[in-house]
Amino acid sequence: MAEFFQLLVSGLATGSIYALAAVGFTLLWQASKVINFAQGEFVMLPAFFILIGTQVLGWNFIVALLFALICTLVLLGYFFKRVIIDPMLPHGVLPIVIATIALGIVMRDSVKEFYSAEAQPFPAVFSEETVSVFGAVISVQDIAILITSLAAITLLQVFLTRTRTGRCMQATAQNRAVAEILGVNVKRMILYTFLINAALALMASVLISPIYLAKFSNGQSIGLIAFIAAIVGGFNQVRGALVGGLLIGVIDNLSAAYISAEYRTAFPLILLIIIILVRPQGLLGTAEERTV
Amino acid sequence: MKFSKVAVAAAVGAAMIAGSAQAQSVKIGNVVELTGGGATVGNNWKNAVVMAFEEINAAGGILGKTVELTNYDTQTNAQNSRAMVQKALDDGSYVILGPIYSSSTKVNMILTQRAEIPQIVGSEAPFITTSGNPYVFRTSFGAAQSMPKLAAYLKDGVKASSVGVIWVNDDFGKGGRDTVITELKKRGISIAVDLSTEVGQADFASDVIKLKNSGSDAVFAYLHEEESARLLKEIKKQGLRQPIVGETTLMNQKVIDLAGDAANGAKGHVGLSADAPVPAVRAFAKKFEAKYGNKPDHNGIKGYVAAYTVKYVTEKMGKFDSKAFARTLHGLTISPKDEPGILMEVTWDDKGDVDRQSFLVEVVGGKQKIIEVLPKLGN
C-alpha cells in the first residue's frame, strides 16, 4: 500500500508538469485553432535561458529566471505568434502543423549547436528532503511540484472565468466573429493566449529540468506526452488537459512498476487509442460540430 | 601554347606537393559519439584524442609523419556509426579509434575486421572481445574483467546478502547485468529485484520506489552517464537508504557534476580515474582541464591511451602496417617507462582485452575518492 501511495504521488507530480504543457495545447487550439507541435521544445528552451543567465552571464537564479521569463514571453509568445502563426493561419491547420514541427527541430538543433549536446545540471527550486506520510516516504519536491502546478492551472481557470479579460478570451475562443461584433479586441485576446502558453512552458521547464536535467532533446518526449494528455483529457477544455496530464503521469508510473517497465512508453498510447474509440472528444472535452 | 605549358607544369607541381604532403601524413579516423545520448562520453574521448595527437605531432609525429586526425560523429546511433566507420575506412584510415557505445561497436567492428584495419574502442560489453575479431582492442576493462571485482566488493566490503540490480536495456547494460548477476550468485548473494531501464529514460520514480521497497542490502546500478545522474537524483529525492554501488559509468565525473549532492556516497569500481593516485594520470588530467576547462572522465583517459597506443605500436614495428599492428598489439605490455603517454602499465591479451590496475572509489564532496587500489588481474 505504501508503495502504491508513493507511486501515485510521484505520478501525480510528473503528470502535473505534463498538464502545464497540455494546457498550452488546449489554449492555443481554442483561441486560434493552432496545434503547436513545438510545445515540447517550448518547455525545453526556457531552462537554457536560465542556464545562460546563471552560467554564461553569472547572474543569480532569480535574476536569471526573470531574464528567462522575458525571453520566453517575447520569443515563444509574441514572436511565435507574429512571425509564424499569423502569416500561416489563413492557410489552414496543416501548414501550421508543418511549421511548428520545423520550429521544434530548429529549436532543438539550435540548443545542441549553440549551447551543448550534453545534459546540463539544473538547480532544484524546492527542497530535496523527504517526509513520511502513512508509512510511505514522499518527496517534498514531488508535493511542491504538484501544488505549484495545480495552483497555476486553478489560477488560470479563475482568470478565464472570473475576470473580464478572461471572459473576453473565452468569448474569442468560442466564436471569434461574434466576439468581434461585441467589441472584444480579438487580436489582443489571442496574443494573451500565446503569452500565457509561453509562461506555462517556462513554469513546466523550471519544474521538470531539475529532475530530467536540461537537455536539447527533452522536448520530444514531453511534447508527445503533453499532446496525448490534451487529447485524452479533451482538447477543448483546460480542466481536461489537467486530468489528462495527471492520468498519464499516474498510468506511466503504475504500469512501469506493476506491468512492464519495457513497455511503459506504450501505455499512454494504448490509453489514447481507447479514448479515441470510446470517447473521441476526450474525458472532459465537449463534442464540436463542423460544417463540411 | 605557352599558357598550356605553364598550366601543365603548375598541375604537375601541385600534384607533387600534394603527393609529398600526403606521404608526410598518416590518416586516423576517430568515430565517436559527438551528439545524441552519448555526447558526454564521446566528447571526453574526442578531446583527449585530439590533445594526444597534437602532442604527438608537436613532438615530430609518428615515424616522422604527421597524424591527420578526422573526427566522425556516430550521433549515438548504431547504424550511423556503421556508416561513419565505412567512411573512415574509405578515407584511408590506418587505425580507427572508437566508438564507445557497445551497441555501435557491435554493428561496425565487422567492417574494420573485413578491411583488416585495427579498431581501438572504448566499449565494455563482453561480446566485443569474445566474437573472435582479431582487429578489435579495448582501452578499458570489459564487464567480464570488472564485475568479479565488484561482486567481491559487494560481498566483502558492503556485506550484502541481497542486491537490487538496475541496468540499461542495451548491449552494454545487458552484458554487464548478465555478468554481475552470475558473479553475485557465485558468491551466494541473491537478487532482490532486477530492473531494466531504457536508453535516454528521464523518469526513474517507479524504478527507485521498487528498489526502495525491495528489501535489498544494496543497489547495483549499471546505466549510461546521463541516466545514472537522473537515477541518483531520483534516489536522493525518494530518500532511498541502501548503499549505491556501480561500475565506471556511475563514478564518472560528469555523472557527479550532473547529479550534484545526490552522487555523494555512491561507491564503485573504476578501471580508470582522473583522481587515481598515479602521477602520470594526474598530470594528464591537469593538462586536459587547462585546455578544455573541465576535468576528464575515464573516457578521456581511454581516448588519450588509445592515441599513444597507436604511436607506440607503430614505432615498435618501425612501419605503417595495419595488419601487423593488430598482430603486434596482441599480448603486448606497454609500460609508462617505454611510452609515458600510456599513463599506466597495460597489457592486451590475445582477444584484445586489457589488464591493468584498477580502483575502488567513493564519491565524497562531489569528487572521486580512491578507497583501494586493486592489482592487475594477471598478477
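This one's a predicted model, so the numbers in the text were calculated from it and none came from an experiment. Throughout, residues of each chain are indexed from 1 in the direction in which the sequence is written. Here chains are named by letter from A upward and ligands by number from 1 upward, in the order in which they appear as written. Confidence filtering applies because this is a predicted model: local features only for residues at pLDDT of at least 70, side-chain atom pairs given and counted only at 80 or more, and all residues used for totals across whole chains, interfaces and linings. Computation of side-chain values covers all heavy atoms of the structure but excludes hydrogens and water.

(A) Broad picture of the packing of helix H1 (residues 2-32) of chain A against helix H9 (residues 218-233) of chain A. Residues and elements named next belong to chain A. Fitted lines through C-alpha atoms serve as axes, helices being fitted only where they are in contact, and the angles separating the N-to-C directions of these axes extend from 0 to 180 degrees. Secondary structure elements are taken from DSSP: a helix is a run of H or I of four residues or more, a strand is a run of E of two residues or more, and numbering for both begins at the N terminus. Contact geometry of H1 with H9 gives a least axis separation of 8 Å together with a crossing angle of 65°. What the angle tells us is that H1 and H9 run roughly perpendicular. The way H1 lies across H9 gives a crossing that is right-handed. Listed contacts from H9 to Tyr 18, Ala 21, Ala 22, Phe 25 and Thr 26 of H1 are Gly 223, Ile 225, Ala 226, Phe 227, Ala 229 and Ala 230. In this classification, the charged set is Asp, Glu, Lys and Arg, the nonpolar set is Ala, Val, Leu, Ile, Met, Phe, Trp, Tyr, Cys and Pro, and all remaining amino acids, among them Gly, are polar. Here the contact of H1 with H9 is built from residues that sort into 9 nonpolar, 2 polar and no charged. For classification purposes, an angle smaller than 35 degrees is called roughly parallel, one larger than 145 roughly antiparallel, one from 65 to 115 roughly perpendicular, and anything else oblique. Should the near helix be turned anticlockwise from the far one by less than a right angle, the crossing is left-handed, and should it be turned clockwise, the crossing is right-handed. The contact rule is simple, with two residues in contact once any of their heavy atoms fall within 4.5 Å.

(B) Just the pattern of salt bridges, in detail. Note on definitions: salt bridges are taken to be side-chain nitrogens of Lys or Arg within 4 Å of carboxyl oxygens of Asp or Glu. Enumeration according to the criterion identifies 28 salt bridges over all chains in this entry. In this structure, the salt-bridge partner of Lys 215 of chain A is Glu 226 of chain B, at a minimum N-O distance of 2.8 Å. Residue Lys 215 of chain A is located in the loop between helix H8 (186-212) and H9, and its partner Glu 226 of chain B is located in helix H9 (residues 225-238); the two belong to separate chains. This pair shows no difference in class: Lys 215 of chain A is buried, exactly as Glu 226 of chain B is. Note that Asp 171 of chain B and Lys 106 of chain B form a salt bridge whose closest N and O atoms lie 3.2 Å from each other. On the criterion of sequence distance, the pair formed by Asp 171 of chain B in helix H7 (residues 171-186) and Lys 106 of chain B in helix H4 (residues 102-115) is long-range, its members being 65 residues apart. Here the term buried applies to any residue with accessible area under 20% of the maximum for its type, exposed to any over 50%, and partly exposed to those in between, with areas from a 1.4 Å probe on protein chains only. Assessed through its relative accessible area of 17%, Asp 171 of chain B is described here as buried.

(C) Seen up close, the sheet that holds strand E12 (residues 346-348) of chain B. All names here are of chain B. For two strands to be treated as a pair, DSSP must find no fewer than two bridges joining them. Taking strand neighbours across the sheet as the criterion, the 3 strands line up as E11-E12-E13 in an open arrangement whose pairing is antiparallel. Every interior strand has two partners, whereas the edge strands, strand E11 (333-334) and strand E13 (354-355), have only one. Where E11 lies against E12, 2 bridges are found, and the strand directions are antiparallel. Counted as the bridge partner of Thr 333 is Thr 347 from E12.

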